[in-house]
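Analysis of the macromolecular model
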Amino acid sequence: MSAEAADREAATSSRPCTPPQTCWFEFLLEESLLEKHLRKPCPDPAPVQLIVQFLEQASKPSINEQNQVQPPADNKRNRILKLLALKVAAHLKWDLDILEKSLSVPVLNMLLNELLCISKVPPGTKHIDMDLSALPPTTTMAILLYNRWAIRTIVQSSFPIRQVKPGPPQLSVMNQMQQEKELTENILKVLKEQAADSILVLEAALKLNKDLYVHTMRTLDLLAMEPGMVNGETESLTAGLIIKTEEMQCQVCYDLGAVYFQQGSTTSAVYENAREKFFRTKELISKIGSLSLHCSIDEKRLAGYCQACDVLAPSDNSSQQSTPYSQIHICMRSGNYQEVINIFLEDNLTLSLPVQFRQSVLRELYQKAQQGNEALDEICFKVSASNTVCSKSINLEQASDTLKGNMAAFLKNLCLGLDDLQFVFMISSHELFITLLKDDEQKLLIEQMRKRSPGVNLCTKPVTSFYDIPASASVNIGQLEHQLILSVDPWRIRQILIELHGMTSERQFWTVSSKWEVPGVYSSVILGIKDGLTRDLVYILMAKGLHCSIVKDFVHAKQLFAACLELVTEFSPKLRQVMLNEMLLLDIHTHEAGPGQSGERPPSDLISRVRGYLEMRLPDIPLRQVVAEECVAFLLNWRENEYLTLQVPAFLLQSNPYVKMGQLLAATCKELPGPKESTQTAKDLWEVVVQICSISSQHKRGNDGRISLIKQRESTLGIMYRSELLSFIKKLREPLVLTTILSLFVKLHNVRENFVNEITAEHISIWPSSIPNLQSVDFEAVAVTVKELVRYALTINSNNHSWLIIQADIYFATNQYSAALHYYLQAGAVCSDFFNKAVPPDVYTDQVIKRMIKCCSSLNCHTQVAILCQFLREVDYKTAFKALQEQNSYDAMDSYYDYIWDVIILEYLTYLHHKRGETDKRQIVIKAIGQTELNMSNPEEVLQLAAQRRKKKFFQAMAKLYF
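Residues numbered from 1 in each chain as written. Predicted model: local features only at pLDDT ≥ 70, side-chain atom pairs only at ≥ 80, totals over all residues. Heavy atoms only, no water.

Our next topic: the overall build of the chain. Looking only at helices and strands, the chain has 45 helices and six strands in total. Summarising the internal contacts of the chain: among those between residues at least 6 apart in sequence, 66% fall at separations of at least 24. Put simply, the chain shows about 49100 Å² of open surface, and 52% of that area lies on carbon and sulfur atoms. (Helix = DSSP H or I, 4+ residues; strand = E, 2+ residues; numbered from the N terminus. Contact = heavy atoms within 4.5 Å. Areas by Shrake-Rupley, 256 points an atom, 1.4 Å probe, with all protein chains shown as cover.)

What follows is the structure, given as structure tokens:
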């Protein structure tokens, strides 16, 4: 032992074994002391209490220098706390019975998520999409633990809970309980949404035929030694605590039986699945017996479940002869397999047995055959045949799922029974084969063929599942290349490339089409793949997937990306993460183009994956800027302002400009509607945008020594370029966010403009009123940006009156008066049911009316000017009289007199026509002024009603002119 180690050991041993109660937590932060504490006969605090304390401390929000609440810091202390919580759970051997009894749902959820993270399960990845057989054993075990807990929690939540009689009310305690209740309900909601996936994951686990390992305190220490190697292998495949296959299957069967039993309350047929799982559990218990250290089953509860299943789906001796299910169960236990075939053949007439049950029987027979019972090979073939129908007798459009399943099983077993791989290739290329067999089934079949064929060198193929069918030379290269260009089926693309590479090894087939484009950040990695077939396949799958995403063919895009992900997972962690990122972007686009259009919120796991992408800190992963843009825009569009303002990690704000922009926008939107004076958040956002819109001058010294200006360019001091900001804004759809950023640019535009050309916008008062250095801002670019933004905003919602007013103001400022009137009138129409209701005064303000007057005057529609002068809070008689004096008016003058309700203007018109000798027009005015509803002696309500009726008719008439 070194001197330093001896000193440390001496210092440790000299400390008291049990620290004062007030400081025990800090005392145990040192890992060696934690292990000593856990080895005590009755440690106090108990291990489960330590887990709670460690995780609570690690998840405490931090307070910055401005006394603002920040999300938990990602620092060394918090990482150690999470690791310690995992080590305590490892000390308890990850026994869910113990953990569930003592930990709340939120705490256990946090613990298991930390286990997934440290076990190299990428955040945001669906467990159902992962191949359990290909993962490291500790990773597989972490996934199984999480999904077992998920369905156990769902089952537990369905049990009635006796309400505890509350004691004296304590506000702080009640608030804490309410918060925990809400958090538990949110977690339960997510778990229930993912229940089907969890069940599929556990069903897949039952197919595993290998021992698994779970993390121990030692393996967790190994991981902690290399915190940067998130995706690296830091341990051997046999590191950790071994979990025998039978132990894992026994526990999984029991948990699946419980969830099937719970689901049976709504679908009685599911009780048969539950019974099958419980019977299998009993068999495994009798097999592993008392030797099991890691499989704890409540056998009394299991017996109760079995008894209930016998009642709900009878299997006792008295009724065994009445159902094919019971008969098959007896035959399988007794080894009377010929009778099983007879029962299946008889059932082919009635089709009463579910295809899942038939497949489970066949699967069990295969397992027994693989264990050395060669006599079962023929039985397996006959059972497979009994599950099928002839391909010519099946109508895919009208066939039931059972018939489709039977045919799929037939084709699959036909391939397995053939020795000639050329025939296998022909069958697997058939449309019926591709349609009926799922991707996973096709891949599994090829894998089985690969293992069966001695002629394939398994060690030389980097991606084995794509290299097992020999190429056919019967089709020329040109025809195959043509098919390659047209196909969007990943399975067919793979087959074509195999054939092409079988014909020639000199071509690079990723160059066949000039329209296959892969982003430069990815192409350098893909083109570095040494194996030519793999390189072609990855490049083409990604290029076609990106193209399908662009044209909104999301179904094919997902298939192509999934195939590419499966391919690169085998040999390239970099490309695997690239594909996960692209699939995340695809899922965002799919939701936005589908359920998102109708306002349906995205699933919680998609939001979690978006956060996981933004928080990802994997080194050397090629990243596309558009993914970060879309992720932040996605969070803003679905109002995840709480995360962007309070929970976003600090390092993101420094490293990701889109996150910074998203946080400033979210924080500003949260304060609206707020005080009229600028808030600090609004000022921060203002300063960032001003910097982005700034310009820097580049100078050059001439031969005579003088400095001359060459050109001005966008400043590089901003967090992004203006074009990048504009591209980002055009991904936003949330009205408040768009209004906020639009009003900022409008305010920036107005800083240099005079009042006449000023543009109005909502919330414009929150921004600063001046800029210290006007010369530094590219106001021409700002004006262009305002026009582009309002044009884009109106494509999102063409009936937003605020945006319509901005568009009208832009046309007004550029002397396009007819277009300005069009948008002013449209703004009024959309918020008044086409003027059948009064236009709100905050829409048609005095400034808007005056601009409409200016537009009509410039268009020589002087009668319209006079009528609009009535709409002002104080009637502008001077302008009205001057307009009526104009002889050259392009409007229909006297046809508009019915829209005038102001008696003074009507009397002036009477005088004017009398003076000009226009008797006919004077009579029209007299008739208008003589209407009883305009009598000045009328009550104010009558006069207002008369004015409102004329306003309505006038605006509707104007709309017909300018719409």
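Another point: the side chain of serine 513. In this structure, serine 513 sits in the loop between helix 24 (490–503) and helix 25 (520–526). The class of serine 513 is buried, set by a relative accessible area of 14%. Within the local environment of serine 513, its side chain forms a polar contact with the backbone nitrogen of lysine 515, the two atoms lying 3.2 Å apart. (Buried < 20%, exposed > 50% of the residue type's maximum accessible area, 1.4 Å probe, protein only. Polar contact = N/O pair within 3.5 Å; in protein donor to acceptor, adjacent residues only side chain to side chain.)

Tracing the backbone shows threonine 795 in helix 37 (residues 779–796). Spatially, the C-alpha atoms of threonine 795 and arginine 733 are 9.8 Å apart, while their sequence positions differ by 62 residues. Among the polar contacts made by the side chain of threonine 795, one reaches the main-chain carbonyl oxygen of tyrosine 792 at a distance of 2.4 Å.

Let us now look at the pattern of salt bridges. For the coordinates displayed, the defined rule picks out 24 salt bridges. In this structure, aspartate 255 engages arginine 148 in a salt bridge whose closest nitrogen and oxygen atoms are separated by 2.5 Å. Of the two residues, aspartate 255 sits in helix 12 (residues 245–263) while arginine 148 sits in helix 8 (residues 137–157), which places them 107 residues apart along the sequence. According to the relative accessible area criterion, aspartate 255 is buried, its value standing at 3%. Overall, arginine 148 belongs to the buried group, its relative accessible area being 10%. Residues arginine 152 and aspartate 255 are paired through a salt bridge, measuring 3.1 Å at the closest nitrogen-oxygen approach. Residue arginine 152 is found in helix 8, and its partner aspartate 255 is found in helix 12; the two are separated by 103 residues along the sequence. Neither arginine 152 nor aspartate 255 differs from the other in exposure class; each is buried. (Salt bridge = Lys/Arg side-chain N within 4 Å of Asp/Glu carboxyl O.)

This part takes up the packing of aromatic side chains. Applying the stated criterion across every chain yields a total of 24 aromatic pairs. Between the aromatic rings of phenylalanine 871 and tryptophan 901, the centroid separation amounts to 5.3 Å while the plane-to-plane angle is 75°, which identifies the pairing as edge-to-face. Of this pair, phenylalanine 871 sits in the loop between helix 41 (862–869) and helix 42 (877–885) while tryptophan 901 sits in the loop between helix 42 and helix 43 (903–916), and the two are 30 residues apart along the sequence. Each member of the pair phenylalanine 871 and tryptophan 901 is classed as buried. Aromatic pair phenylalanine 871 and phenylalanine 954: ring centres 6.0 Å apart, planes at 40°, arrangement tilted. Of this pair, phenylalanine 871 sits in the loop between helix 41 and helix 42 while phenylalanine 954 is found in helix 45 (residues 940–962), placing the two residues 83 residues apart along the sequence. Exposure remark for phenylalanine 954: the relative accessible area of 0% places this residue in the buried category. Following the ring pairs from residue to residue traces out a cluster consisting of Phe834, Phe835, Tyr844, Phe871, Tyr896, Tyr899, Trp901, Phe954, Phe955 and Phe963. Across the ring face of tryptophan 491, the terminal group of arginine 494 is positioned such that the distance to the ring centre comes to 3.9 Å. Positioned over the ring face of phenylalanine 651 is arginine 617, at 4.1 Å from the centre of the ring. (Phe/Tyr/Trp six-rings, centres within 6.5 Å; stacked < 30°, edge-to-face > 60°. Lys NZ or Arg CZ within 6 Å of the ring centre and 35° of its normal.)

The subject of this paragraph is the packing of helix 4 (residues 47–58) against helix 7 (residues 105–118). At their nearest, the axes of helix 4 and helix 7 sit 10 Å apart, and the two run at 75° to each other. When the axis of helix 4 is compared with that of helix 7, the two are roughly perpendicular. Along the contact surface, helix 4 presents Ile51, Val52 and Leu55, while helix 7 presents Val107, Met110 and Leu111. A breakdown of the residues in the contact of helix 4 with helix 7 according to their chemical character gives six nonpolar, no polar and no charged. (Axes fitted to C-alpha atoms, helices over the stretch in contact; angles between N-to-C directions. Parallel < 35°, antiparallel > 145°, perpendicular 65-115°, else oblique. Nonpolar A, V, L, I, M, F, W, Y, C, P; charged D, E, K, R; others polar.)

Bringing the nonpolar core into the picture now. Ranked by size, the top nonpolar core spans 127 residues in total, and within it Phe728, Phe745, Tyr844 and Met852 carry the most contacts. Among all residues touching methionine 852, those that are not within four sequence positions of it are Leu821, Tyr824, Leu825, Tyr844, Leu868 and Phe955. Judged by nonpolar contacts, the second largest core, of 81 residues, contains Leu86, Leu135, Met248 and Tyr271. (Core = buried A, V, L, I, M, F, W, Y, C linked by side-chain atoms within 4.5 Å.)

With that settled, consider the environment of glutamate 734. The residue glutamate 734 is located in the loop between helix 35 (722–729) and helix 36 (735–750) in this model. The exposure class of glutamate 734 is buried, given its relative accessible area of 14%. Counting along the chain gives 59 residues from glutamate 734 to alanine 793, while the straight-line C-alpha distance between them is 9.9 Å. Once you skip the residues sitting within four places of it in the chain, glutamate 734 turns out to touch Leu636, Asn637 and Arg639.

Looking at where valine 777 falls in the secondary structure, it is placed in the loop between helix 36 and helix 37. For the pair formed by valine 777 and arginine 752, sequence separation is 25 residues and the distance between their alpha carbons is 10.0 Å. If we skip the residues at most four places from it in the chain, valine 777 touches Val690, Cys693, Ser694, Ile771 and Val782.

In this section: a negative patch on the surface. A cluster of acidic residues, Asp129, Asp131, Asp439, Asp440 and Glu570, forms a negative patch on the protein surface. With respect to the element layout, aspartate 440 can be found in helix 22 (residues 439–452). (Patch = residues over 30% accessible without salt bridge, like charges linked within 9 Å, V, L, I, M, F, W, Y side chains within 5 Å. Lys, Arg positive; Asp, Glu negative; His and termini not counted. Charge placed at Lys NZ, Arg CZ, Asp CG, Glu CD.)

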